[in-house]
Amino acid sequence: MLVVHVFVHVKEEAIEAFKAATIENAEKSREEPGVARFDVLQQHDDPTRFVLVEAYRAPDDPARHKETAHYQKWRDTVADMMAELRQSIKYAPVE
């Protein structure tokens, strides 16, 4: 299992469009065999900030995800909505 938290800061005028595009991507991502979970979270006290919580079954699954048409559509659609570059942190389960 590999869990990735993607931190996204969007422009205020792009919040609703970002949410729509990201929810669509998340729904399609959940259908991928290598995706165990894909959540979209919006920060309570700053609605321009989001965290995508992506849980993958195997280490190679994030790369497979990035090859899908829905991810590439999302990436291109939201690129100009970002207030700054998105950042990610990878986590592994503690056993």
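Before reading further, recall that the structure is shown in the block above.
Conventions adopted
Residues numbered from 1 in each chain as written. Predicted model: local features only at pLDDT ≥ 70, side-chain atom pairs only at ≥ 80, totals over all residues. Heavy atoms only, no water. Helix = DSSP H or I, 4+ residues; strand = E, 2+ residues; numbered from the N terminus. Buried < 20%, exposed > 50% of the residue type's maximum accessible area, 1.4 Å probe, protein only. Lys, Arg positive; Asp, Glu negative; His and termini not counted. Salt bridge = Lys/Arg side-chain N within 4 Å of Asp/Glu carboxyl O. Polar contact = N/O pair within 3.5 Å; in protein donor to acceptor, adjacent residues only side chain to side chain. Contact = heavy atoms within 4.5 Å. Pairing = 2+ DSSP bridges. Axes fitted to C-alpha atoms, helices over the stretch in contact; angles between N-to-C directions.

On the secondary structure map, E54 appears in strand 3 (residues 49-56). Nearest to the buried, unbridged E54 among oppositely charged side chains is K66, at 7.1 Å. Among the polar contacts made by the side chain of E54, one reaches the side chain of Y56 at a distance of 2.6 Å. If we ignore the near neighbours within four places in the chain, the residues touching E54 are L2, V3, V4, V6, R37 and F38.

Pairing is antiparallel in the open sheet, where 4 strands are placed in the order 2-3-1-4. For this open sheet the edge positions go to strand 2 (35-42) and strand 4 (87-91), each flanked by a neighbour on one side alone. For this sheet the average axis-to-axis angle between neighbouring strands, irrespective of direction, equals 15°. Relative to strand 4, strand 1 (residues 2-9) runs antiparallel, the two sharing 5 bridges. If you follow V6 over to strand 4, its bridge partner there is S88. Along the sheet face, helix 1 (residues 15-29) touches strand 1, strand 2 and strand 3 and points at about 165° away from the line of strand 2.

Note that every value here comes from positions in space, so none of it alone points to a role or purpose.
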